[in-house]
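Commentary on secondary and tertiary structure
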Amino acid sequence: MTDVTGAPADVLHTLFHSDQGGHEQVVLCQDRASGLKAVIALHSTALGPALGGTRFYPYASEAEAVADALNLARGMSYKNAMAGLDHGGGKAVIIGDPEQIKTEDLLLAYGRFVASLGGRYVTACDVGTYVADMDVVARECRWTTGRSPENGGAGDSSVLTAFGVFQGMRASAQHLWGDPTLRGRKVGVAGVGKVGHHLVDHLRADGAEVVITDVREDSVRRILDQHPTGVTAVADTAALIRTEGLDIYAPCALGGALDDTTVPALTASVVCGAANNQLAHPGVEKDLADRGILYAPDYVVNAGGVIQVADELHGFDFDRCKAKAAKIFDTTLAIFARAKEDGIPPAAAAGRIAEQRMAEARSH
């Protein structure tokens, strides 16, 4: 079914009538000369300009692309609020296979669309876009972060993302075991790419035993070469989540890692990882709680990257960013305390705290 514009009616229903909607603005962008088709979704600017990355992905349909932009933008509002940033949430998606259609002209056209929003949306990297791409976008748009150091940016944000996840793990250990250290704990890391390999470094430095898996053999080999002791590998995620004696499971690859199949099989007492949108559907957080598994909300613990790119707007300072990312420890502890106080799962508690901050900003 379509509406009068020809857009799928379910997308418009999501935007205007569902709990998943409430977005301030959604922009459909097209530049036929370069082949650009993009969606920019601004969920909230209550706390400041919307900040979120640009995803470049071969969606099965335009409707799927719009839905993804809406979900991701909403998630960024919560992430930025919980990170204590003066930014709302936004996200952009470029439709198409970046290996096939990504060109300089397309990125420049995209930059012009972002610039046309006059600073209401600040973009950065995401799946399918990289630092070099943001350097191109920045030629047309000054509201671009995630640029290279040569172009006034902070470069790779995975370093602080991993550091923040490690702080979330320390907070989980403090809450559950009374000591903010991973020494002697067994941690399973699924995905040891950009973020995961830095996380393994932190864990080993803190004395944890680490079990890893990744779809790329070269990524696994690199970790095993760097850490000849204290790190072992298993064949896949299915084997990892069933590892005997696992204390913490860290999903650091794609979203949807926690679903009706994985949650019943988990041996870990804690889930704390870098992947976005780890809960496959609403209700998974209750399934985790019912099993007595402590869940550190993904958008809280993986906020180190967005803290880093936000800092570019003020002249990037790594030490200042690291100090902000270190506060993820306190934020995570506060969420666990609120969850216990309200008798709700941590994911719901984080949502309440974020919504409260946005509501207070709107009332001023």
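Residues numbered from 1 in each chain as written. Predicted model: local features only at pLDDT ≥ 70, side-chain atom pairs only at ≥ 80, totals over all residues. Heavy atoms only, no water.

Some thoughts on the overall build of the chain
Helices and strands together make up the secondary structure of the chain, namely 16 helices and 11 strands. Over its C-alpha atoms the chain spans a radius of gyration of 20 Å, differing by no more than 12% from the 21 Å that the globule rule assigns to 364 residues. In terms of overall dimensions, the chain has a C-alpha envelope of 55 × 45 × 40 Å along the principal axes. A burial count over the chain gives 51% of its 364 residues as buried. Pairs at least 24 residues apart make up 64% of the contacts formed inside the chain by residues separated by at least 6 positions. Here the chain has roughly 15,900 Å² of accessible surface; of this, 50% comes from carbon and sulfur atoms. Taking the average place of the 33 positive charges on the side chains of the chain and the average place of its 45 negative ones, the gap between the two points comes to 4 Å. (Helix = DSSP H or I, 4+ residues; strand = E, 2+ residues; numbered from the N terminus. Rg over C-alpha atoms; globule rule 2.2 N^0.38 Å. Buried < 20%, exposed > 50% of the residue type's maximum accessible area, 1.4 Å probe, protein only. Contact = heavy atoms within 4.5 Å. Areas by Shrake-Rupley, 256 points an atom, 1.4 Å probe, with all protein chains shown as cover. Lys, Arg positive; Asp, Glu negative; His and termini not counted. Charge placed at Lys NZ, Arg CZ, Asp CG, Glu CD.)

Overview of the nonpolar core
Counting 66 residues, the largest nonpolar core has Tyr110, Met169, Val189, Leu199 and Leu203 as its most contacted members. Of all the elements, helix α6 (residues 158-177) adds the most residues to this core, at 7 residues. (Core = buried A, V, L, I, M, F, W, Y, C linked by side-chain atoms within 4.5 Å.)

Remarks on α6
One full turn of an α-helix is made of 3.6 residues, so residues set three or four places apart face in the same direction. With 20 residues, α6 extends 28 Å between its outermost C-alpha atoms, agreeing within 8% with the 28 Å of an ideal straight helix rising 1.5 Å per residue. Counting buried residues in α6 gives 14 out of 20 residues, a clear majority hidden from the surface. Backbone geometry just downstream of α6 places Gly178 in the positive-phi region, at approximately 80 degrees. (Expected span 1.5 Å × (residues − 1).)

Comments concerning the side chain of Thr145
Note on placement: Thr145 falls in the loop between α5 (131-137) and α6. Looking at Thr145, its side chain comes within polar contact range of the main-chain oxygen of Thr123, at 2.8 Å. Those residues in contact with Thr145 that sit more than four places away from it in its chain are Leu51, Val122, Thr123, Ala124, Met134, Val309, Glu312 and Leu313. (Polar contact = N/O pair within 3.5 Å; in protein donor to acceptor, adjacent residues only side chain to side chain.)

Quick look at the packing of α6 against helix α7 (residues 196-205)
Contact geometry for α6 and α7: axes closest at 8 Å, N-to-C directions at 45 degrees. With respect to α7, the axis of α6 lies oblique. Where α6 crosses over α7, the handedness of that crossing is right-handed. Note on element contacts: α7 touches α6 through His198, Leu199, His202 and Leu203, opposite Ser158, Val159, Ala162, Phe163, Val165, Phe166 and Met169. Among the residues making up the contact of α6 with α7, the classes are represented as 8 nonpolar, 3 polar and no charged. (Axes fitted to C-alpha atoms, helices over the stretch in contact; angles between N-to-C directions. Parallel < 35°, antiparallel > 145°, perpendicular 65-115°, else oblique. Left-handed = near helix turned anticlockwise from the far one by under 90°. Nonpolar A, V, L, I, M, F, W, Y, C, P; charged D, E, K, R; others polar.)

Overview of the pattern of salt bridges
Scanning the model with the defined rule gives 18 salt bridges in all. The closest approach of N and O atoms between Arg357 and Asp86, which form a salt bridge, is 3.3 Å. Of this pair, Arg357 sits in helix α16 (residues 346-363) while Asp86 sits in the loop between α2 (62-82) and β4 (88-95), placing them 271 residues apart in sequence. You can call Asp86 exposed: its relative accessible area is 53%. (Salt bridge = Lys/Arg side-chain N within 4 Å of Asp/Glu carboxyl O.)

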